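Structure at a glance
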Amino acid sequence: MNAFYAVSNIGELYVPVEYRDAVFARARVKVFAHQELRHLNRIFTHIRHGGVAVVEGQWDQITTVMDYIQRHKQDLIQEASHRNAKQRDRRDSRGKSASRALTEALARLMCWADADGILQVEPAPLLPYLLEFAGEPAAANQGKPFLLPLIKIQQIQSALAETYPIRALDASLVASENVLAPRSQETVECFQEALQYIRSHAPANNKVVDIGCGSGCLTLLARQELGDQTEVYASDLLPEAVATTQLNIQRLLPNSEGIAVMPAGDLFDPFTSRQFDVIIFNAPWVVARVRNRAELAIHDEKQETVKRFFAHVSNFLKPDGTILLGYADASGPKAIENLEAIIAAADFREAARFKRRVATHRSKRKWEQIRVSVLRRK
């Protein structure tokens, strides 16, 4: 499917993957700008009939359009039911839920940003890395303007408005949608102790990488504990995590020389032949199927992610290098046994362990152990 859609008076606009069906399915994209934003029913009717409304102008007027659509959600549900019945599609004939009909309609109310990611609204909200926060790789728009649903923009704003204090950093971080928020002080403190341990035992740790950087908490912690002379790299599978790490580094370290945040990629994919003194990996610790992007940092079906990590880590670790592996026994002793077998099979041994016992909110298990293992080659 084409990634760009031409809109009169604007030109070619990049359409993120998640929203291409909405834009290209009926090819009915119409711009409503400035004074036209007052015609709420006209915009609503266009969306109700399956069209995409690209809005431009005053932010408060644009959010008023959103409120209007939500107030008239029953009309959207009836329209969706009528369309499904008319098409006689077996799958659709079961009927879409009210929430899905509303969600699909709201996704067709879109704003556009210029090639630099500046939203064409007044006043324009300060949202750096906007395309990445929406889950798209950096430069996916190929230097062209792009579309985003208003509801996605609001979700990004809402997520970034919340901050998470980190005792070990004496600072607060933000975490975007789908990014694991750094709520566990105990996990951060275990990594802090592990970093202090390797600093005292091997002070020349001049190249460090945080695999699966998420919010960038451990990236910042590594720089703090190992010193300004340390080169710190960060990578993550999710573009929104890469953007979150970049944003937190900018917020806390205006002079971030020596910290490199790589383009999004799986595990070691962002790197080629580079080798590190220290590899940090706070591994997903729940042995369960991943159902959405937000669970990628937590769930690891059959511990496949951990297996892939240890299958490749030796290629990126210096001969005398160290791995700091974070894990928890949330999935029970069997998962821990499997983890230890994976580590042993990769020819690593545990040189030290830092752990905490923390309360959980699960009825069947009130406590779990968080641990950070310092691993070295046998």
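Summarised in this report is the structure supplied together with it.

Re the overall build of the protein chain
Counting secondary structure elements, the protein chain contains 13 helices and 16 strands. Along the longest, intermediate and shortest principal axes, the C-alpha atoms of the protein chain span 70 × 45 × 35 Å. Taking all 378 residues of the protein chain together, 51% fall into the buried category. The long-range share in the protein chain, meaning contacts at least 24 apart out of those at least 6 apart in sequence, stands at 66%.

What about the pairing of strand 11 (residues 231–235)?
Taking burial as the measure, the 5 residues of strand 11 include 4 buried ones, the bulk of the element. Note: strand 10 (residues 207–211) against strand 11, 5 bridges, orientation parallel. If you follow Asp210 over to strand 11, its bridge partner there is Ala234. At this point the chain moves from strand 10, through helix 10 (residues 217–226), to the parallel strand 11, and the crossover so formed is right-handed. Where strand 11 and strand 12 (residues 259–261) come together, 3 bridges link them in parallel fashion. Its bridge partner being in strand 12, Val232 is matched across the sheet by Ile259. Chirality of the crossover, the property in question, places the unit of strand 11, helix 11 (residues 239–252) and strand 12 among those that are right-handed.

Quick word on the sheet that holds strand 11
Across the sheet, 7 strands lie side by side as 12-11-10-13-14-16-15; this open sheet has mixed pairing. The open sheet terminates on both sides in strands that have one partner only, identified here as strand 12 and strand 15 (348–359). Taken over all neighbouring pairs, the strand axes of this sheet differ in orientation by 15° on average, direction set aside.

Considerations on the nonpolar core
Ile69, Leu109 and Cys111 are the most contacted members of the largest nonpolar core, which totals 53 residues. Per element, the largest residue contribution to this core is 6 residues, and it comes from helix 3 (residues 59–71). Apart from the residues within four sequence positions on either side, Ile69 is in contact with Phe44, Ile47, Leu76, Leu102, Leu106 and Leu109. Membership of the second largest hydrophobic core comes to 33 residues, among which are Leu267, Val286, Leu317 and Val358.

A few points about a nonpolar patch on the surface
A cluster of nonpolar residues, Leu237, Val290 and Leu296, forms a patch on the protein surface that exposes about 200 Å² of accessible area. Among the secondary structure elements, Leu237 is positioned in the loop between strand 11 and helix 11.

A look at helix 12 (residues 304–312)
Within helix 12 the residues assigned to the buried category are Thr305, Val306, Phe309 and Phe310. Looking straight down helix 12, one finds its buried side chains confined to an arc of 130°; they lie on one side. In the core, the buried residues of helix 12 are packed alongside strand 13 (276–282), strand 14 (317–328), helix 13 (333–345), strand 15 and strand 16 (367–377).

A word on helix 10
A large share of helix 10 lies buried, amounting to 9 of its 10 residues. Within helix 10, burial applies to Cys217, Leu218, Thr219, Leu220, Leu221, Ala222, Arg223, Glu225 and Leu226. Of the residues flanking the end of helix 10, it is Gly227, one or two places downstream, whose phi is positive at about 100°.

Thresholds applied
Residues numbered from 1 in each chain as written. Predicted model: local features only at pLDDT ≥ 70, side-chain atom pairs only at ≥ 80, totals over all residues. Heavy atoms only, no water. Helix = DSSP H or I, 4+ residues; strand = E, 2+ residues; numbered from the N terminus. Buried < 20%, exposed > 50% of the residue type's maximum accessible area, 1.4 Å probe, protein only. Contact = heavy atoms within 4.5 Å. Pairing = 2+ DSSP bridges. Right-handed = clockwise from strand over helix to strand, strands pointing away. Axes fitted to C-alpha atoms, helices over the stretch in contact; angles between N-to-C directions. Core = buried A, V, L, I, M, F, W, Y, C linked by side-chain atoms within 4.5 Å. Patch = residues over 30% accessible without salt bridge, like charges linked within 9 Å, V, L, I, M, F, W, Y side chains within 5 Å. Areas by Shrake-Rupley, 256 points an atom, 1.4 Å probe, with all protein chains shown as cover. Salt bridge = Lys/Arg side-chain N within 4 Å of Asp/Glu carboxyl O. Arc of directions from axis to C-beta.

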